[in-house]
Amino acid sequence: MEALDTLVLSRIQFAANISFHILFPTITIALGWALLFFKLRFQWTGDAKWMEAYRFWVKVFALSFAMGVVSGITMSFQFGTNWPGFMETVGNVAGPLLAYEVMTAFFLEAVFLGIMLFGWRKVPSWLHTTATFLVAFGTTMSAFWILVLNSWMHTPQGFELRDGVVHATSWMEIVFNPSMPYRLAHMLLASGLTVAFLILGIAAFRRLLGDQREEVRSQIRFGAVLAAVLIPVQIFAGDMHGLNTQEYQPAKVAAMEGNWSDTDGRTPLVLFAIPDPEARENRFEVAIPNGASLILGHKPEHVVPSLDEFVTEDGEMLHPPVAKVFWAFRVMVGTGMAMLALSWITVLHFARKREDANGVRRRWVISTLPRPLLWAMVAMTFSGWLATLAGWYVTEIGRQPWLVSGVLTTAEAVAQVPAGMVLSTLLGYLAVYAFLTLAYVSVIFYLARRAARGNPVGTLESPGSGQAEVEAIAGAGPRGGRGGRDAPGGGTRGGGLQPAE
Amino acid sequence: MEWFGDPAVWLPWTFAALMGLSILVYVVLDGFDLGVGLLFPFASDAEKDRMIASIGPFWDANETWLVLAIGILLVAFPVAHGLILTSLYLPVFLLLLGLILRGVSFEFRVKAHVRYKERWNLAFWGGSLMASLSQGFMLGLYVMGLEWSWATVAFASLTAVFLTVGYSFIGACWIIIKTEGPLQRKAVEWARGGIWGVILGIGAISAASPLVSPRIWGKWLGWPESLLLAPLPVLSAALIAFLWWKLRRMPYDDDRWNWTPFAAAMAIFALAFLGLAYSFYPYVVPERLTIYEAASAPEALFIIFIGTLVVLPTIVAYTALAYWIFRGKAQDLTYD
């Protein structure tokens, strides 16, 4: 057990912060594009179900965006409060990348978010669609810059060291560093899958509550098809990323495979084991012969990197902690397999022609979807989070003991703040993050329940003061002008309703 | 040294100016957001919704100026960034906690079950309060040279209270522009009280900074500096007098002059900030580290500078577009 010193506490604190943060961009990156899709579908077909989908998911987007912003700000401050050595050493590379993120992405998202959320009636439809596009584009740009920097920390190039400080020599090499394309593709696909399962899970939940509307069927179809298309691509991209890691960060791959000392090829694929760092071997190993060699080299003779290669003569370990990387990797891959199974079973079932309520044989008949399948979708609502977090643990813990591979160790970058102080802020952050994650998940399910009941806001709950005014406005305001579909108290669809905010 | 010849001179200066500008824009823009949050306990439920509606479309972008400011400190003056933030470790933590609570409460208060709305309102107020207090505290401690002692903490606690009251003042001025009727009249009352925060805050910092540093004393009270700088305090005093006089008579029925308190408040904040910047230049960490010593390599700064030239005007343009789209009196915020 490592002592809880400033370094360990600072690392836990940063890990907690970045784990909490990543949950929300993972949703907003792809959800922005999904919203654009809903909006465009609405414009092209005029079918109200797409606007209902937009109005439901834009609320989730707004909430996720706010969570992402506040936790992101926390991170930018923690560079200074806990890791001053990072910017002091690599600031000349990291600085411009972060600056471009703020300037090209943050402002774009933040400004047009206002128009996207509240401008639907204030601006022409094309401008609202453009705002939606710009927000989606901004979140993706933000992901691009951050993944450039993160990839550079894994596979740094295009720089030189002068007096222990990194100076950029080629921005092309820095931006297009070897792991960037793989990492970016892997992350964007992860975001797409997270959102696919989120939409699928929430729509299935509404269906289980008895929500019979078209929009629910469309969203289940949208989520299932998106997931079924993306997951094979993701497995392929992940494999490519793994091969890239094998080339540039072999110690990480050795830890992922749990390969301590095998250096003569025919390395088995370890399915289960408890890595023992003292004995430097696996306990209770269950393995497929030649598996790792086949995956990583496409031939049984392939020599998989082994952990023992990364111990120096005097016993210093230059490889990451094995068990954490090993297990995180298995959680990620396992979740991916579950995603593959669920999405394909759903699409294969759903896409077959079946009789609908009117006795017409057609595809995508929702009433024939078995309830257990719907429950499985609900259970996997946040499976994207699990896979994404596990994946980040693999890659980030897998980089240890380096902060920037071969340039700066994590221990060198930490601030010498008293451990007690770090511990107190860590506990504070943990409490807030746990509470907010809980609040976030329960609010999303609450929004789904409210939408499923199809009740206008204010009839479910005892109206608070101010509520009457809200309802009056909701009924008498411009909403009434939309073909009377949204008449107050009547068939108003809960999905898009929002009281005065 | 030639001015536009040596990039090691003009680049740090330019980035210090940009950072100063971002901080000022942040303080004014998020200042009114935070101020609106601070005034929450004095408002009824319906008024709270209206107050939130007045800042809803803007707050996110406003807060981004803080990210830009801290980003410039991080990328342009990395050594200073580490020094300042590690010495302000705990207040920064409280600031972040406050910003987290404030930011998420915007969303949760209308999306969670109505029975929790009261609690999220409370979190919104508490978050705004924590963020304002810790910003004021950090300002005070910065003026005191980032030293922790009983005296400096006492001073910083004072500036914390003053800045918080000052924020509620600018928040009230914003509400005067964006609302009408009883809420507007209430906001005028709030502004009359809040102006004390501005007066006391500027007074305390103006009195304290020369006393802490002989260098600052010399910069302000030497000759002919004190004459050349006279417009700064004189203008501030005139603006405060103007506000005092105007707020007695407001709100006007035809809404004609109701934008003036906010404009005057912006001008006062800008003048105070200019004075502060003048006092501390060329130091970024007071009396310890100048902007030239703390700056990143010129090549790195140049890369950012090029981007800034293109991007910053674009940001200003589309921010203006957003304010224009949501101009006029705040209406209920709906997603449809």
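- Chain B carries the name Cytochrome bd-I ubiquinol oxidase subunit 2 apoprotein in an unreviewed UniProt entry, which gives Hasllibacter halocynthiae as its organism.
- UniProt, in the comment section headed Sequence similarities (unreviewed entry), describes chain B in these words: "Belongs to the cytochrome ubiquinol oxidase subunit 2 family."
- The annotation that UniProt attaches to chain B under Subcellular location (unreviewed entry) is "Cell membrane".

- As recorded in an unreviewed UniProt entry, chain A goes by the name Cytochrome bd-I ubiquinol oxidase subunit 1 apoprotein, listed as coming from Hasllibacter halocynthiae.
- Of the comments in the UniProt record for chain A, the one headed Sequence similarities (unreviewed entry) reads "Belongs to the cytochrome ubiquinol oxidase subunit 1 family."

## Quick word on the overall build of chain B
Alright, step 1. Counting its secondary structure elements, chain B contains 14 helices and two strands.
Alright, step 2. Its C-alpha atoms give chain B a radius of gyration of 20 Å, within 12% of the compact-globule value 20 Å for 336 residues.
Alright, step 3. Each of the three principal axes of chain B carries a C-alpha extent, and together these read 60 × 40 × 40 Å.
Alright, step 4. Looking at the 336 residues of chain B, the share that counts as buried comes to 59%.
Alright, step 5. When contacts within chain B are restricted to residue pairs at least 6 apart in sequence, those whose partners lie at least 24 apart make up 78%.
Alright, step 6. Just so you have it, chain B exposes about 13100 Å², and 74% of that area is on carbon and sulfur atoms.
Alright, step 7. With 21 positive and 23 negative side-chain charges, chain B shows a spacing of 9 Å between the two charge centroids.

## Concerning the overall build of chain A
Alright, step 1. On a plain count of helices and strands, chain A comes out with 15 helices and eight strands.
Alright, step 2. Against the 2.2 N^0.38 benchmark of 23 Å for 501 residues, chain A shows a C-alpha radius of gyration of 25 Å, consistent with a compact globule.
Alright, step 3. When the backbone C-alpha atoms are referred to their principal axes, chain A occupies close to 80 × 50 × 40 Å.
Alright, step 4. Accessible surface computed for chain A: about 19200 Å², of which carbon and sulfur atoms make up 65%.

## Observations regarding the pairing of strand E3 (residues 269-276) of chain A
Residues and elements named next belong to chain A.
Alright, step 1. When E3 meets strand E4 (residues 281-288), the two strands line up antiparallel, connected through six bridges. If you follow Phe272 over to E4, its bridge partner there is Val286.
Alright, step 2. What sits between E3 and E4 in their antiparallel hairpin is a turn of four residues, with Arg280 showing a positive phi close to 55°.

## Observations regarding unusual backbone geometry
Both trends apply: most residues other than glycine have a negative phi, and most peptide bonds are in trans.
Alright, step 1. Cis geometry marks the peptide bond from Gln400 of chain A to Pro401 of chain A, where omega comes out at 5°.
Alright, step 2. Relative to the assigned elements, Pro401 of chain A resides in the loop between helix H12 (383-397) and strand E7 (402-404).
Alright, step 3. The phi angle at Trp364 of chain A is positive, at roughly 55°, despite the residue not being glycine.
Alright, step 4. Relative to the assigned elements, Trp364 of chain A resides in the loop between strand E6 (361-362) and helix H11 (371-379).
Alright, step 5. One non-glycine residue, Leu146 of chain B, adopts positive backbone phi at about 60°.
Alright, step 6. With respect to the helices, strands and loops of the structure, Leu146 of chain B is situated in the loop between helix H6 (117-143) and helix H7 (150-178).

## Some thoughts on the interface of chain A and chain B
Alright, step 1. Across the contact, 82 residues belong to chain A and 70 residues belong to chain B.
Alright, step 2. Summing the contributions of chain A and of chain B, the shared interface buries around 7000 Å²; its carbon and sulfur component is 75%.
Alright, step 3. In this structure, the connection of chain A to chain B is made through zero salt bridges.
Alright, step 4. Mapped onto the side of chain A that touches chain B, the elements with two or more residues apiece are helix H2 (48-82), helix H3 (84-118), helix H14 (419-453) and helix H15 (467-476) of chain A.
Alright, step 5. A breakdown of the residues in the side of chain A that touches chain B according to their chemical character gives 50 nonpolar, 20 polar and twelve charged.

## Structural notes on a nonpolar patch on the surface
Residue and element names in this part refer to chain A.
Alright, step 1. Taken together, the side chains of Leu271, Phe272, Ile274, Phe284, Val286, Ile288 and Trp327 present a nonpolar region at the surface, about 660 Å² in accessible area.
Alright, step 2. Secondary structure elements with two or more residues in the nonpolar patch: E3 and E4.
Alright, step 3. Structurally, Ile288 is set in strand E4.

## Brief notes about the pairing of strand E1 (residues 159-162) of chain A
All names here are of chain A.
Alright, step 1. Across four bridges, E1 lies against strand E2 (residues 165-168) in antiparallel orientation. The residue bridging Phe159 from the neighbouring strand is Ala168, located in E2.
Alright, step 2. In this antiparallel pair of consecutive strands, E1 and E2, the connection spans two residues, and Asp163 shows a positive phi of 50°.

## Some thoughts on the environment of Ala300 of chain B
Alright, step 1. Note on placement: Ala300 of chain B falls in helix H14 (residues 298-325).
Alright, step 2. For the pair Ala300 of chain B and Ala76 of chain B, spaced 224 residues apart in sequence, the C-alpha to C-alpha distance is 8.4 Å.
Alright, step 3. Excluding residues within four positions of it along the chain, Ala300 of chain B makes contact with Asn92 and Pro96 of chain A.

## Describing the pattern of salt bridges
Alright, step 1. Following the criterion strictly, the structure yields 16 salt bridges over all chains and no others.
Alright, step 2. Arg162 of chain A is the salt-bridge partner of Glu160 of chain A, the closest N and O atoms lying 2.9 Å from each other.
Alright, step 3. Of the residues examined, Arg162 of chain A reaches a relative accessible area of 38% and is grouped as partly exposed.
Alright, step 4. A salt bridge links Asp30 of chain B to Arg102 of chain B; the shortest N-O distance between them is 3.0 Å. Of this pair, Asp30 of chain B sits in helix H1 (residues 7-38) while Arg102 of chain B sits in helix H5 (residues 89-111), and the two are 72 residues apart along the sequence.
Alright, step 5. The class of Arg102 of chain B is buried, set by a relative accessible area of 0%.
Alright, step 6. Each of Arg206, Asp211, Arg213 and Glu215 of chain A takes part in salt bridges that share partners, so that together they form one network.

## Describing the packing of H1 of chain B against helix H12 (residues 260-280) of chain B
All names here are of chain B.
Alright, step 1. For the pair H1 and H12, interaxial distance at closest approach is 10 Å and the crossing angle is 145°. As for how H1 packs across H12, the hand of that crossing is right-handed. Contact residues: Gly20, Ile23, Leu24, Val27, Val28 and Phe32 in H1; Phe262, Met266, Phe269, Ala270 and Phe273 in H12.
Alright, step 2. Its residues assigned to classes, the contact of H1 with H12 comprises ten nonpolar, one polar and no charged.

## Concerning the packing of aromatic side chains
Alright, step 1. One pass over the full model with this rule turns up 45 aromatic pairs over all chains.
Alright, step 2. Aromatic pair Phe37 of chain A and Trp50 of chain A: ring centres 5.9 Å apart, planes at 85°, arrangement edge-to-face. A residue pair is termed long-range when its members are at least 10 positions apart, and Phe37 of chain A in helix H1 (residues 6-45) and Trp50 of chain A in helix H2 qualify at 13 residues.
Alright, step 3. Classification of Trp50 of chain A as buried rests on a relative accessible area of 7%.
Alright, step 4. Each ring, one from Phe272 of chain A and one from Trp327 of chain A, has its centre 5.4 Å from the other, and the planes form 70°; the classification is edge-to-face. With Phe272 of chain A in strand E3 and Trp327 of chain A in helix H10 (residues 322-350), this residue pair connects regions lying 55 residues apart in the sequence.
Alright, step 5. With relative accessibility at 37%, the residue Phe272 of chain A sits in the partly exposed group.
Alright, step 6. A residue is classified by how much of its surface remains accessible, and Trp327 of chain A, at 33% relative accessible area, is partly exposed.
Alright, step 7. Members of the aromatic cluster, connected to one another through ring pairs, are Phe20, Phe24, Phe205, Phe382, Trp385, Tyr429, Tyr433, Tyr440 and Phe445 of chain A together with Phe93 of chain B.
Alright, step 8. Between Arg206 of chain A and the ring centre of Phe56 of chain A, over which it is positioned, the NZ or CZ distance is 5.2 Å.
Alright, step 9. One residue, Arg330 of chain A, lies across the ring of Phe326 of chain A, its end atom 3.7 Å from the ring centre.

## What to know about the UniProt feature "transmembrane region" (unreviewed entry) in chain B
All names here are of chain B.
Alright, step 1. Mapped onto the present numbering, the UniProt feature "transmembrane region" (unreviewed entry) falls on residues 15-43, 64-84, 122-144, 150-177, 189-208, 228-247, 259-281 and 301-326.
Alright, step 2. Measuring from the first to the last C-alpha atom of residues 189-208 gives 30 Å, for a span that is 100% helix and 0% strand.
Alright, step 3. Helix makes up 91% of residues 259-281 and strand 0%. Its end C-alpha atoms lie 33 Å apart.

Definitions and cut-offs
- Residues numbered from 1 in each chain as written.
- Chains lettered and ligands numbered in written order.
- Predicted model: local features only at pLDDT ≥ 70, side-chain atom pairs only at ≥ 80, totals over all residues.
- Heavy atoms only, no water.
- UniProt positions renumbered as here; feature names shortened; annotations may be inferred.
- Helix = DSSP H or I, 4+ residues; strand = E, 2+ residues; numbered from the N terminus.
- Rg over C-alpha atoms; globule rule 2.2 N^0.38 Å.
- Buried < 20%, exposed > 50% of the residue type's maximum accessible area, 1.4 Å probe, protein only.
- Contact = heavy atoms within 4.5 Å.
- Areas by Shrake-Rupley, 256 points an atom, 1.4 Å probe, with all protein chains shown as cover.
- Lys, Arg positive; Asp, Glu negative; His and termini not counted.
- Charge placed at Lys NZ, Arg CZ, Asp CG, Glu CD.
- Pairing = 2+ DSSP bridges.
- Buried area = accessible area lost by both parts, 1.4 Å probe.
- Salt bridge = Lys/Arg side-chain N within 4 Å of Asp/Glu carboxyl O.
- Nonpolar A, V, L, I, M, F, W, Y, C, P; charged D, E, K, R; others polar.
- Patch = residues over 30% accessible without salt bridge, like charges linked within 9 Å, V, L, I, M, F, W, Y side chains within 5 Å.
- Axes fitted to C-alpha atoms, helices over the stretch in contact; angles between N-to-C directions.
- Left-handed = near helix turned anticlockwise from the far one by under 90°.
- Phe/Tyr/Trp six-rings, centres within 6.5 Å; stacked < 30°, edge-to-face > 60°.
- Lys NZ or Arg CZ within 6 Å of the ring centre and 35° of its normal.

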